[in-house]
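A closer look at the structure
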Amino acid sequence: MVALQTENGNYVCGGTLVTDRYVLTAAHCLTRQLDKVVAVLIGRTTLTSPENCSGEDCDDGGYAPVQVIPVEHIRHPLYSARRRLNDIALLRLASPAKLGENVKPICLPNGTPEQDIPPEGLGLLIVSGWGLTERGNSFDMLRYATLPHVPLQECTQLQENLKLDPKTQLCAGGKNRIDNCLGDSGGPLQAFSAGDKLQFIQYGVVGFGVTTCGEQNLPGVYTNVGAYLGWIFKTVEGVTS
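Residues numbered from 1 in each chain as written. Predicted model: local features only at pLDDT ≥ 70, side-chain atom pairs only at ≥ 80, totals over all residues. Heavy atoms only, no water.

This part covers the overall build of the protein. Of regular secondary structure, the protein possesses two helices and twelve strands. Listed by position from the N terminus, the elements making up the protein come as β-β-β-β-β-β-β-β-α-β-β-β-β-α. For the protein, the residues scored as buried account for 49% of the 241 residues in total. Here the contacts in the protein between residues at least 6 apart in sequence split such that 68% fall between residues at least 24 apart. Element-wise, carbon and sulfur atoms account for 49% of the exposed surface of the protein, whose accessible area totals about 12,300 Å². (Helix = DSSP H or I, 4+ residues; strand = E, 2+ residues; numbered from the N terminus. Buried < 20%, exposed > 50% of the residue type's maximum accessible area, 1.4 Å probe, protein only. Contact = heavy atoms within 4.5 Å. Areas by Shrake-Rupley, 256 points an atom, 1.4 Å probe, with all protein chains shown as cover.)

Another aspect to go through is the state of the cysteines. Throughout the structure, instances matching the rule amount to two disulfides. With its sulfur 2.1 Å from that of its partner, cysteine 13 forms a disulfide with cysteine 29. Here cysteine 13 and cysteine 29 share a disulfide; its torsion about the S-S bond, -90°, makes the bridge left-handed. Residue cysteine 13 is found in strand β2 (residues 11–19), and its partner cysteine 29 is found in the loop between β3 (22–25) and β4 (37–42); the two are separated by 16 residues along the sequence. (Disulfide = S-S within 2.5 Å.)

Evaluation of the coordinates by the stated rule reveals one aromatic pair. Seen from their ring centres, phenylalanine 192 and phenylalanine 200 are 4.7 Å apart, and the 25° between their planes marks the pair as stacked. (Phe/Tyr/Trp six-rings, centres within 6.5 Å; stacked < 30°, edge-to-face > 60°.)

So, about unusual backbone geometry. In the Ramachandran plot, arginine 84 falls in the positive-phi region, its phi being about 60° despite a non-glycine side chain. Secondary-structure assignment places arginine 84 in the loop between β5 (67–75) and β6 (89–93). Relative accessible area serves as the criterion here: at 41%, arginine 84 is assigned to the partly exposed category.

As a further point, take the sheet that holds strand β7 (residues 124–129). In space, the six strands of this closed barrel follow the order β7-β8-β9-β12-β11-β10, with antiparallel pairing throughout. Put simply, the sheet's adjacent strands are angled 45° from each other on average, direction ignored. (Pairing = 2+ DSSP bridges. Axes fitted to C-alpha atoms, helices over the stretch in contact; angles between N-to-C directions.)

Taken together, the six strands give a closed barrel; going around it, the order is β1-β2-β3-β6-β5-β4, and neighbouring strands pair in antiparallel fashion. Pairs of neighbouring strands in the sheet enclose a mean axial angle of 40°, with direction left out of account. Pairing of β5 with β6 involves five bridges; the strand directions are antiparallel. If you follow isoleucine 74 over to β6, its bridge partner there is leucine 90. Across the sheet, helix α2 (residues 229–236) is in contact with β3, β5 and β6; its angle to β6 comes to roughly 20°.

By the criterion of burial, β7 is predominantly enclosed, with five of the six residues buried. As judged from the six bridges shared by β7 and strand β8 (residues 143–150), these two strands associate in the antiparallel manner. Residue pairing for β8: leucine 125 is matched across the bridge by leucine 147. In terms of strand pairing, β7 meets strand β10 (residues 188–192) through two bridges, oriented antiparallel. By the bridge assignment, valine 127 is partnered in β10 with leucine 189.

Looking now at the environment of leucine 229. Within the fold, leucine 229 resides in helix α2. Taking the relative accessible area as the measure of exposure, leucine 229 reaches 1% and is therefore buried.

And the structure:
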């Protein structure tokens, strides 16, 4: 997990490290005009404690020091804010992130770029971020929630006022007060791998949900990472540390 930091020092969205030079996030997080995203915070589960600092003297949990790295924006060329489509972006780090015990790239789905939903039998999915709590309060510590996957046809029927794209979007949630919330945008919808090695695989990027942060039978909508594997690989290929 990384936090997106604006030029005014605010944290507005989440993201995930996919290589030591790239962060995956939502395109709508990068459309801010008055408070532009300029850096990412890496290696910290709390945003402001023990204190805002960097370097060897600022240690989080005995692991690698917190890293604040400037970024360049790479939004998907077909992103549409009005239609909420292709809501995915990459941030290129000005310098490589220092990988370690608490800083590792997340895994992406296996399969073809046309993969449109997570594999059957995944069970609960996990969304995480620093967004508002179920009580509408901001929270300094990274939090997570477990959500059921909702088939897109069912989700489309529930999201009556919005036309969803079965190839590039997926849904999860539909529980009262358990969902992504304001500030969680750009963060991961993930699941544990089914193999012997325990690891997270990111299937979605937080797009949008209901303003009450979870309502019964009204799932949140996520950008389907599997549909953009080709674009992601093409963007990051050939970049070395």
